[in-house]
Amino acid sequence: MKTDVINIDPDILGGTPVFSGTRVPVESLFDHLESGISLEEFLDDFPL
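**Some words on helix α1 (residues 26–34)**
Every α-helix carries 3.6 residues per turn, so stepping three or four residues along brings you back to the same face. Listing the buried residues of α1 in full gives V26, S28, L29 and H32. Buried residues along α1 cover an arc of 160° about the axis, so they all sit on one side. Turned more than 90 degrees away from the buried face of α1, the exposed residues are E27, F30 and E34. Packed against the buried residues of α1 are β1 (6–7), β2 (18–19) and α2 (39–45). Backbone geometry just downstream of α1 places G36 in the positive-phi region, at approximately 90°.

**Some words on the nonpolar core**
Formed by F19, V24, V26, L29 and F42, the largest nonpolar core amounts to five residues. The contact partners of L29, leaving out residues within four places of it in the chain, are F19, L39 and F42.

Conventions adopted
- Along each chain, residue indices are assigned from 1 in the same order as the chain's sequence is written.
- Where totals are concerned, whole chains, interfaces and linings use all residues; where local detail is concerned, this predicted model gives features only for residues with pLDDT of at least 70, and gives and counts side-chain atom pairs only at 80 or more.
- Note that water and hydrogens are dropped before the side-chain values are worked out from all heavy atoms of the structure.
- With a 1.4 Å probe rolled over the protein chains alone, any residue whose accessible area is under 20% of its type maximum counts as buried; one over 50% counts as exposed, and the rest are partly exposed.
- Counting from the N terminus, the helices are DSSP H or I runs at least four residues long and the strands are E runs at least two residues long.
- By arc we mean the arc of the directions from the helix axis to the C-beta atoms, nothing more.
- By the convention used here, residues are in contact when the closest approach between their heavy atoms is within 4.5 Å.
- As used here, the term nonpolar core means buried Ala, Val, Leu, Ile, Met, Phe, Trp, Tyr and Cys residues forming a set that is joined through side-chain atoms within 4.5 Å.

The values are spatial; any link to function lies outside them.
See the structure below:
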């Protein structure tokens, strides 16, 4: 089963890679993890 997790669309945030169905940039996940914030906290910050 193929699932598209990342979306790149020039009409959404100028083509910045985002998580599909959101306007949350993928880069924000890496920024959070790099800052020591857990994946659980990241998901809490960006509820669906």
